[in-house]
Amino acid sequence: MKAYIDLHLHLDGAITVEIARKLEEKAGIILPEEDTELEQKLSVSETCENLNDFLKCFELPLSLLQTEETVEEAVYQVQENIKKDGIVYAEIRFAPQLHCRNGLSQKQIIEASLRGLHKSDLPCNLILCCMRGQDVKAQNMETIRLAKKYLVKDGGVVAIDLAGAEGLFPTADYKEEFEEAQRLGIPVTIHAGEADGAESVKTALEFGAVRIGHGVRSFEDPGLLQELKRRQTCLEMCPTSNRQTKAIENMEQYPLTDYLKMGICVTINTDDMAISRTTIQKEFSYVEKMYGLTEEQKERLFLNAVQSAFTTDERKKQLINEYAVRG
Ligand code: ADE
Ligand code: ZN
């Protein structure tokens, strides 16, 4: 089987029907009996108009992830699930503050996720998301404080992110969070250039992001593209998610292979595999079918992911070896 890396994978977006069934009793939630109905409830409909619409789909999976036991189990099950799909390394992200509805602390949620992470033999790391939204400053600052507390080079929390409705809450509003993250030396990736334009990506770079979640709309500013190339900033692109959220009007003009040809450090990822009904293999097949991918480009995509992964040089060497063996 081929080897893949997924650097952009949301825990709450990866709750498939099979995983939801494993969580429902522990969560104390009664799910629809029929799998087809449950799958419909756990995934986005083709009528999705934008990112704001898309984000409504997280309500059900999040309701299952409000206990330490279910968070631990979900992290473990997601790893077991992606392993079957040929993923050899992944970075799983989630926003601890979204799992505290029943009174648990962010710290308890992070510790539960670490227990789940360490149960699986798949090499994975965690990215903690701050959230865009109203009155989230204190929760975001707590996430950053805890990211520093649990920060490791591999085998745990390795970075922070900013997720949520970019079209409603501009990146620039999160200056305080990322000044603090920079002061603490926490590696940063930020969702930008997805529901907002190139300016949002530029702000993310100013905030110290070394990777950009999506970055699709960077093409709006040719100077920015040059800067992304010069810095070798990783663009964590997620084609199916971008199609569903209408990050770009016409998928025929999806810029992934253009960016790749320009020498920008592009990667292919799933974003929300259950919500988008996708897998890493489906993402690669889609790109191959729509835009064509040479063997060299496929290898480049893998090497870009290795280069940009928030992990150690030892792990990176092991991943390159794995690619050589599995292709
Ligand atoms: N959370 C889950 N998926 C997301 C996306 N595509 N953009 C922003 N926040 C998200
Ligand atoms: Zn995302």
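Look up: the structure comes first, before these words.
In this report, we go over the structure that sits alongside the text. Computed from a prediction, not measured in an experiment: that's the story for all the values here.

### Considerations on the nonpolar core
One broad rule of soluble globular proteins: the nonpolar side chains tend to lie buried together. Of all hydrophobic cores here, the largest spans 85 residues; its most connected members are Ile160, Phe178 and Ile190. Ignoring anything within four residues of it in the chain, the contact list for isoleucine 190 reads Arg132, Asp161, Leu162, Thr171, Phe178, Ala204, Phe207, Ala209, Arg211, Ile212 and Gly213. Core analysis: the second largest hydrophobic core is formed by 13 residues, Ala3, Leu7, Cys234 and Phe302 among them.

### What about the coordination of the zinc ion (ligand 2)?
Reference geometry at the metal: tetrahedral coordination by four donors gives ideal angles of 109.5 degrees; octahedral coordination by six donors gives 90 or 180 degrees. Each protein donor to the zinc ion (ligand 2) is listed here as His8 (NE2), His10 (NE2), His191 (NE2) and Asp271 (OD); together their distances run 2.1 to 2.2 Å. The site at the zinc ion (ligand 2) holds 4 donor atoms, and with the angles between them running 86 to 169°, its shape is irregular. Expressed as a motif, the donor residue spacing for the zinc ion (ligand 2) is H-x1-H-x180-H-x79-D. Both residues of the pair, histidine 8 and histidine 10, belong to the buried class.

### Observations regarding the site of ligand 1
Neighbouring ligand 1 are the residues His10, Leu51, Leu55, Phe58, Ala163, Gly164, His191, Glu194, His214, Ser241, Asp271 and Asp272. A distance of 3.4 Å separates a nitrogen atom of ligand 1 from a polar side-chain atom of histidine 214. The side chain of aspartate 271 places a nitrogen or oxygen atom 2.7 Å from a nitrogen atom of ligand 1. Summarising the interface, the protein chains cover 96% of the accessible area of ligand 1, which totals 260 Å² for the free molecule.

### A word on the packing of aromatic side chains
Per the counting criterion, the structure on display carries 6 aromatic pairs. Summarising the aromatic geometry, the rings of tyrosine 4 and phenylalanine 284 are spaced 5.0 Å apart at their centres and angled 55° between planes, so their arrangement reads as tilted. Taken together, the residues span a long stretch of sequence, with tyrosine 4 in strand S1 (residues 4-10) and phenylalanine 284 in helix H13 (residues 280-291) at a distance of 280 residues. The rings of Tyr254, Tyr286 and Tyr291 are connected pair by pair, giving a single aromatic cluster. The residue whose ring lies beneath lysine 119 is tyrosine 76, and the NZ or CZ to ring-centre distance is 5.3 Å. Here the guanidinium or amino end of lysine 149 rests over the ring plane of tyrosine 150, the centre of that ring lying 5.5 Å away.

### A closer look at unusual backbone geometry
Phi at aspartate 135 takes a positive value of approximately 50°, unusual for a residue other than glycine. Among the secondary structure elements, aspartate 135 is positioned in the loop between strand S3 (124-131) and helix H7 (137-150). With a relative accessible area of 70%, aspartate 135 lands in the exposed category.

### Examining the sheet that holds S3
Taken in spatial order, the 4 strands make up an open sheet running S1-S2-S3-S4, and their pairing is parallel. Each edge of the open sheet carries a strand with a single partner, namely S1 and strand S4 (157-163). Looking at each pair of strands side by side, their axes are set apart by 25° on average, direction ignored. Across 5 bridges, S1 lies against strand S2 (residues 87-94) in parallel orientation. Bridge pairing in S2 links leucine 9 to isoleucine 92. Strands in contact with helix H5 (residues 68-84) are S1, S2 and S3; relative to S2, the strand with the most contacts, it is inclined by about 145°. Most of the contacts of helix H14 (residues 295-308) go to S1, to which it runs at about 60°, and overall it touches S1 and S2.

Cut-offs applied
- Residues numbered from 1 in each chain as written.
- Chains lettered and ligands numbered in written order.
- Predicted model: local features only at pLDDT ≥ 70, side-chain atom pairs only at ≥ 80, totals over all residues.
- Heavy atoms only, no water.
- Core = buried A, V, L, I, M, F, W, Y, C linked by side-chain atoms within 4.5 Å.
- Buried < 20%, exposed > 50% of the residue type's maximum accessible area, 1.4 Å probe, protein only.
- Contact = heavy atoms within 4.5 Å.
- Donors = N, O, S within 2.8 Å, 3.2 Å for Na, K, Ca; no water.
- Tetrahedral: all angles 85-135°; square planar, octahedral: opposite > 155°, others 65-115°.
- Near = heavy atom within 4 Å.
- Polar contact = N/O pair within 3.5 Å; in protein donor to acceptor, adjacent residues only side chain to side chain.
- Areas by Shrake-Rupley, 256 points an atom, 1.4 Å probe, with all protein chains shown as cover.
- Phe/Tyr/Trp six-rings, centres within 6.5 Å; stacked < 30°, edge-to-face > 60°.
- Helix = DSSP H or I, 4+ residues; strand = E, 2+ residues; numbered from the N terminus.
- Lys NZ or Arg CZ within 6 Å of the ring centre and 35° of its normal.
- Pairing = 2+ DSSP bridges.
- Axes fitted to C-alpha atoms, helices over the stretch in contact; angles between N-to-C directions.

These figures capture arrangement, not role.
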